[in-house]
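Chain residues, written in single-letter form:
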Amino acid sequence: YLFRFNIRLLLSTPQRLKCNKVLSIFCFYHFCVSAGAGGWSPIISDRYQWLEVDLGERTKITAVATQGRYGSSDWLTSYLLMFSDTGHNWRQYRQEDSIGSFPGNSNADSVVHYKLQQPAIARFIRLIPLDWNPNGRIGLRLETYGCPYTSDVVSFDGGSSGLLYWLTSGLKRTSRDVVTLKFKALRNSGTLLQAEGQEGLSLSLELERGKLLLLLRKGRTSSTEPQRLVSLGSLLDDQHWHHVAVERRGSHLNLTVDKHTERVQIPAEFSHWSIEQLSLGAVQSEVSQKPVTSKKNFNGCLENLLYNGHNLIELAKNKKQQVTISGNVTFSCAEPVSVAVTFTGPESFLQLPGTTMSSSGGVSIGFQFRTWNKKGLLLSFELPQQGGVAWLYLSEARLQLQIHKSGRALLELSAGASLNDGQWHSVELNSRQGRLTITVDKEERDSSQASPSFPVTVESHLFFGGCPVEDGSQKCRNLFSVFQGCMRLFTVDNQNLDLIKVQEKQLGNYSNLQIDICGIIDRCSPSPCEHGGPCSQSWTVFHCNCSDSGYSGATCHSSVYEQSCEAYKHNGNTSGHFYIDVDGSGPIKPQLVYCNMTEENTWMVIQHNNTELTRLRPFTGVNQYSIHFDYSSEEEQLLAVIKQSEHCEQELSYHCKMSRLLNTPEGSPLSWWFGGPGAGRVQTYWGGAQPGSQQCACGLQGDCVDLQHYCNCDADRMETEDSGLLTHKESLPVRSLVLGDIQRPGSEAVYRVGPLQCHGDRNFWNAAFFDKETSYLHFPTFHGELSADISFLFKTMASSGVFLENLGIKDFIRIELSSSTQVVFSFDVGNGPLEVRVESSFPLNDNRWHRVRAERNVKEASLRLDELPVATQEAPADGHFHLQLNSQLFIGGTASRQKGFRGCIRSLQLNGVTLDLEERAKITPGVQPGCPGHCSSYGSLCQNHGRCVERANGFHCDCNLSAYTGVFCQTEVSASFKSGTSVSYTFKEPYEMSRNSSALPSSIYSDMTLRGENVSLSFRTNQSPALLLYVSSYYREYLAVLINKHVLRSKVRSLANGQLHTANSCALPLDPHCSLHIFYLAHFLSPESDDLDADLSRLASLGFTGCLSVVHFNTISPLKEALLRPNSSPVIITGPLAQSNCGSAASANSYSAENTHHLSGEKWRRHLTFNSIRIDSALIGGTKLLYLCIFFTGLYL
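Residues numbered from 1 in each chain as written. Predicted model: local features only at pLDDT ≥ 70, side-chain atom pairs only at ≥ 80, totals over all residues. Heavy atoms only, no water.

Draft legend 1. Structural view of the overall build of the protein chain. Secondary structure summary: the protein chain contains 11 helices and 82 strands in total. Counting over 1197 residues, the protein chain shows a buried share of 54%. Restricting to contacts in the protein chain with at least 6 residues of sequence separation, those with at least 24 account for 69%. Carbon and sulfur atoms provide 49% of the accessible area of the protein chain, an area that totals close to 53000 Å². (Helix = DSSP H or I, 4+ residues; strand = E, 2+ residues; numbered from the N terminus. Buried < 20%, exposed > 50% of the residue type's maximum accessible area, 1.4 Å probe, protein only. Contact = heavy atoms within 4.5 Å. Areas by Shrake-Rupley, 256 points an atom, 1.4 Å probe, with all protein chains shown as cover.)

Put into structure tokens, the structure is as follows:
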């Protein structure tokens, strides 16, 4: 039945109201009031008031309702709820583990009803006002809803008391085992339950330092080290009830503590394991099977212990024969009254009376505390000597005692370590007979002593946790951090101090304390830190250390790595090893792969343990070989990569001699392989063929060596091979090979399984174009209750528009372009809208791709735009509410069809999951799948005159007009020259025609219209003088570049120093009516040639020894053509020419530095001789005068 409780309030004291309940169904209120009729209204309205309800017995409370005081301006706007079984040790009810306050009323008449998300089991309810109508006072009418609650309870004293259950046929065993219970612990460690089965296999639930552990043991000896399966919960020694459930299904086990569940896998031997006995409360002796006294025994109470639905406590109460009771077991739960106080902030303090100087001239003070903070003042008191003060405080989680007088320290002591672990720690300060001692946790090793020359006693008052606001009457000084935490069990001279009297203002004084409650919260249990980031905390905040996790953000939620090689390429990276995170913020870990960016497609390469050609030799008695392949990536990583990629392949090769492969006269294959998810499925086709065909590539192409067979190796008569690529993604990766026909005399076999290679990122280029403000795409509701991340790229020419929106009844989440320079991330989780903004200094409607990353978690909300600094907004002090959405998710627009977005959205991911915009756009009017035009954003990646070419998904750098090669035209084309090496390039058509053409060249044989000749090259040599380059025309005009150390007067002392130098020259054009004939690199003439001056001819005959790189003449790259296209280009190579990386800066010494030197203008012209050809010249013109400018770059050791 559902009950409403009729509450009659009885006035207890001006500060405290207590009420008794009369249980009835659907009855009216009867209130005791302080000033007139109509509800509860204390005389003083402050936060020290409360209303307490005694329900008479433990009850299941499901809801509360509040109303203002009748006919008044008195009502509450917010309040706290506390629950207790005993009237002491209160526990605050929290919504969603973080939000403590409840919304109240907005007037005196309306009723605000609140259903508790989790019912509370308690006898006492306490309502504490937080805020009220500012134009009135505290006023309240209260109603509570709930149901009767019945339970069976057993109590263990932590000694030898325990219960032992023998699971006979009466307790029916099923295919699964379920144990549920509640416990209340009086000590922070102890064994709650141990289940034993055959062969000494056992599972146990053990409390250790306030955490619940599930342990597995193999063997009955105590020396056997248990295996920890899982740890859940924290601060479980708080003397409150906690719910536990253990469910075993085969080899999996679920452990639930309160509202949190962990799923673990247990060893295979437990899959058919049956429980034979259950022991509770005490550890059983392995010899006598009787409980033994141990610190591991549980001290506390268990409630409603059920095993597969059987009430075990009821069996013990009824003294059933399968139950053995030992020690002091009682079937009730009595607990000691321990009143704690919580110091919440800077204004918190507790003042207690001290002692006067006794005949012994000493003092004894004791208390317990628990905190997460490393620093804080615990206790201070004035010494009888004028100006003397003692401070007991935490510093770096150690206990420190410091006594000061007249501004100097007279004494310092320290004890303990790591006292900020959230556990209760006892402190004792004793001063007797000239000896001062501080002790932590009653441990001698954690104590410190001194013999001061002065008495240490208390002059008047003890101040715990802080000091009152200075009013001139109290002597208290705090030079340290404030204490935030809990304290209890205060003693002075071995006399206990009653904190309830303090609460009732009958003893001492206090401010901003929570009395009779320890409000400590473990913000790291369960850990808000994702992806294995360690969690640490103080009293008010937690911190996630993401440094080794591969993730970033307040909760280590967002991956620091890209999701594919494709994404790395478009960040401007070149080939190399990279970590990729295929699901972003999802659960799959980052993996290290090789990204091959040397081709038009960007390949992701995943290695395994054997990618080389491997020879198999026959062994007697061995009919089959089985080879397993272990990949560098884990199973879920491999499958995610394959799913995400547009194309995957893996080479499968078999070189054979008298070793058949697939086909036999009987039709069954002799060899096969396993591929696909898990261990893989049997595959009976070979590389280059189709799945299920039982063929090799030659069978598909019809060119096998024996047309009666579908594989070359099946001909069984010569050395041959069957090789090809496996491209069916559902069959990848190759997991293992089974090779059969290798045992015959003369059989030889060599196999190779290449690495898994994939290209194309289906997520990275998934895009949609919104051409109207009223167009949008819709998807199912976004679920990001406590943690959400959203990332996407956009480009637009519009100045505003909504990218994304999802609505709830009150809640919403939205990301929009609010202006041409601003992006806004906004949401409401029921406590008012919150906005995070990023302002850009440049327009965002420039039709270029811009990246947006938004994240919301329990600690903060953040927004990042491109590479601008991250903007953040901290969450409210009590944390976020759950984000509750119920509408469809709108992309590119809103439900109202207003403020829609016009432009492209690409690679939209929510919590690491990519939304398929293209598929949805295909069936949505006003939205087009895909979005071309990537060169506007990525074209700058093409270097060295490389040309950006649009592709459907991405772009490509065309390096035909560049002297460089590579994915971004960034790789130098270099060659090593010997003295007899030369490269000549013959212009195919009269050069003046190509130079005067206004059309863009379509091949390497033509050129653009130029105002002058442009020559650039890099070289490395120890030779001087040396000829580097020569260009001649049909009219005996020529242009040459040579080295001579006597001419170039620059900061470069010598160009023939073996270092890399770059020369860039520009000259007035050759006669516009002349035609270029031939282009030479290095040695090209004999000394007797009549084609040019004798001095230059003699220099040319010496040849060139060294390195030439990235040689460029206008739009022609003769060295690149000679090295990469020697058969299709008009080049002639004489002598040895080898491609090399000698022109790369990386080939220089690692200690070298790059220096740029400019030689131009009048200074340069003074060093040229134009009337005759001299060996001293650096660049030589023939019959036509040239205007020259040359720039040199050198790399030095």
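Draft legend 2. Seen up close, helix α4 (residues 635–644). Looking only at α4, the buried set comprises Gln637, Leu638, Ala640, Val641, Ile642 and Gln644. Check the buried side of α4 and you find it contacts β42 (576–580), β43 (591–596), β44 (603–606), β47 (645–657), β51 (734–739) and β53 (756–761).

Draft legend 3. Representation of the sheet that holds strand β59 (residues 822–828) within the structure. Strand order in the open sheet formed by 6 strands is β55-β64-β57-β58-β59-β60, with antiparallel pairing between adjacent strands. On the outer flanks of this sheet lie β55 (777–779) and β60 (833–839), each paired with one strand and no other. Ignoring which end each strand starts from, the neighbouring axes of this sheet average 15° apart. (Pairing = 2+ DSSP bridges. Axes fitted to C-alpha atoms, helices over the stretch in contact; angles between N-to-C directions.)

Draft legend 4. Structural detail: the packing of aromatic side chains. Summed over the entire model, instances satisfying the criterion amount to 30 aromatic pairs. Judged by centre distance (5.3 Å) and plane angle (75°), the rings of Trp391 and Phe480 are edge-to-face. One end of the pair, Trp391, is in strand β27 (residues 389–395); the other, Phe480, is in the loop between β33 (461–464) and β34 (485–492), with 89 residues separating them in the sequence. On the basis of relative accessibility, which here comes to 2%, the residue Trp391 falls in the buried class. Residue class for Phe480 comes out partly exposed when judged on its relative accessible area of 23%. Pairing Phe464 with Phe490 gives two aromatic rings, centres 4.8 Å apart and planes at 75°, and the pair type is edge-to-face. Remark: Phe490 occurs in strand β34 and Phe464 occurs in strand β33; sequence separation between them is 26 residues. For the pair shown, Phe464 and Phe490 are each scored as buried. (Phe/Tyr/Trp six-rings, centres within 6.5 Å; stacked < 30°, edge-to-face > 60°.)

Draft legend 5. Broad picture of the nonpolar core. Core analysis: the biggest nonpolar cluster contains 65 residues, and Tyr654, Trp686, Leu737 and Leu756 have the highest contact counts within it. With 45 residues, the next largest nonpolar core counts Phe298, Leu302, Leu312 and Val329 among its residues. (Core = buried A, V, L, I, M, F, W, Y, C linked by side-chain atoms within 4.5 Å.)

Draft legend 6. Inspection of the sheet that holds β51 at higher detail. If you trace the 4 strands from one edge of the open sheet to the other, you get β46-β51-β48-β49, paired in antiparallel fashion. Among the strands making up the open sheet, the edge pair consists of β46 (625–628) and β49 (681–683). Averaged over all neighbouring strand pairs, the angle between strand axes comes to 20°, with direction disregarded. Note that β46 and β51 share 4 bridges and pair antiparallel.

Draft legend 7. Spatial organisation of the state of the cysteines. Overall, the coordinates contain 15 disulfides when judged by the stated rule. Note that Cys904 is cross-linked by a disulfide to Cys931, the S-S spacing being 1.7 Å. Its torsion about the S-S bond being 75°, the disulfide of Cys904 and Cys931 is classed as right-handed. One end of the pair, Cys904, is in strand β65 (residues 903–910); the other, Cys931, is in the loop between β67 (927–929) and α7 (935–938), with 27 residues separating them in the sequence. Of the two residues, Cys904 and Cys931, neither departs from the other in class, the shared state being buried. (Disulfide = S-S within 2.5 Å.)

Draft legend 8. Fine view of the confidence of the model for the protein chain. When pLDDT is averaged along the protein chain, the result is 82, and 82% of the positions lie at 70 or above. Contacts for the low-pLDDT stretch residues 1046–1052, under 50 throughout, to residues beyond four places or in other chains number 15 contacts. Counting interchain partners and residues more than four positions distant, the pLDDT-below-50 stretch residues 1070–1075 has 23 contacts. (pLDDT = per-residue confidence, 0-100.)

Draft legend 9. Inspection of the pattern of salt bridges at higher detail. For the structure shown, the criterion picks out 34 salt bridges. Here Lys442 makes a salt bridge to Glu428, at a shortest N to O gap of 2.7 Å. On the criterion of sequence distance, the pair formed by Lys442 in the loop between β31 (435–440) and β32 (447–450) and Glu428 in strand β30 (residues 425–432) is long-range, its members being 14 residues apart. Judged by its relative accessible area of 63%, Lys442 falls in the exposed class. Residue Lys922 is joined to Glu919 by a salt bridge in which the shortest nitrogen-to-oxygen separation is 2.9 Å. Of the two residues, Lys922 and Glu919 are both situated in helix α6 (residues 917–922); the distance of 3 residues between them amounts to about one turn of the helix. Its relative accessible area of 53% is what places Lys922 among the exposed residues. Owing to a relative accessible area of 41%, Glu919 belongs among the partly exposed residues under this scheme. (Salt bridge = Lys/Arg side-chain N within 4 Å of Asp/Glu carboxyl O.)

Draft legend 10. Helix α9 (residues 1094–1101), seen in detail. If you check which residues of α9 are buried, you get Leu1096, Ser1097, Leu1099 and Ala1100. One face of α9 carries all of its buried residues, which in axial projection span an arc of 160°. The first or second residue beyond α9 is Gly1103, which carries a positive phi of 70°. (Arc of directions from axis to C-beta.)

Draft legend 11. Structural detail: the pairing of β47. The pairing of β47 with β53 spans 4 bridges and is classified as antiparallel. Residue pairing for β53: Glu649 is matched across the bridge by Gln757. With 7 bridges joining them, β47 and strand β50 (residues 720–726) adopt antiparallel strand pairing. Each bridged residue has a counterpart across the sheet, and for Glu651 the counterpart in β50 is Leu725. Two elements, β47 and strand β52 (residues 748–753), share 6 bridges in a ladder whose sense is antiparallel. Following the sheet pairing, Leu652 is matched in β52 by Val753.

Draft legend 12. Molecular detail of the side chain of Thr796. Mapped onto the secondary structure, Thr796 falls in the loop between β56 (788–795) and β57 (801–807). Within polar-contact distance, the side chain of Thr796 engages the backbone oxygen of Arg902 at 2.5 Å. Among residues more than four places away in sequence, those in contact with Thr796 are Leu817, Leu844, Asn845, Asp846, Asn847, Phe901, Arg902 and Gly903. (Polar contact = N/O pair within 3.5 Å; in protein donor to acceptor, adjacent residues only side chain to side chain.)

Draft legend 13. Representation of unusual backbone geometry within the structure. For the peptide bond that leads from Ser525 to Pro526, omega is -5°, which places it in the cis range. Turning to its location among the elements, Pro526 is positioned in the loop between β37 (513–515) and β38 (535–537). Between Ser1024 and the following residue, Pro1025, the backbone shows a cis peptide bond with an omega angle of 0°. Mapped onto the elements of the fold, Pro1025 is located in the loop between β72 (1013–1021) and β73 (1026–1033). One non-glycine residue, Asn304, adopts positive backbone phi at about 50°. Residue classification places Asn304 among the partly exposed residues on the basis of a relative accessible area of 22%. The phi torsion at Lys442 lies on the positive side, around 55°, for a residue other than glycine.

Draft legend 14. Structural view of the environment of Arg615. Of note, Arg615 is situated in strand β45 (residues 614–616). In this structure, the C-alpha to C-alpha distance between Arg615 and Val750, residues 135 residues apart in sequence, is 4.2 Å. Residues within four places of Arg615 in sequence aside, it is in contact with Glu748, Ala749 and Val750.

Draft legend 15. Just the pairing of β51, in detail. Summarising burial for β51: 6 of the 6 residues are buried, a large majority. Of the pairings in the sheet, the one linking strand β48 (residues 672–675) to β51 comprises 4 bridges and is antiparallel in character. The residue of β51 that forms the bridge with Trp673 is Leu737.

Draft legend 16. Fine view of the environment of Gln701. Locating Gln701 in the fold gives a position in helix α5 (residues 697–701). A relative accessible area of 57% places Gln701 in the exposed class. For the pair Gln701 and Gly688, spaced 13 residues apart in sequence, the C-alpha separation works out to 9.2 Å.

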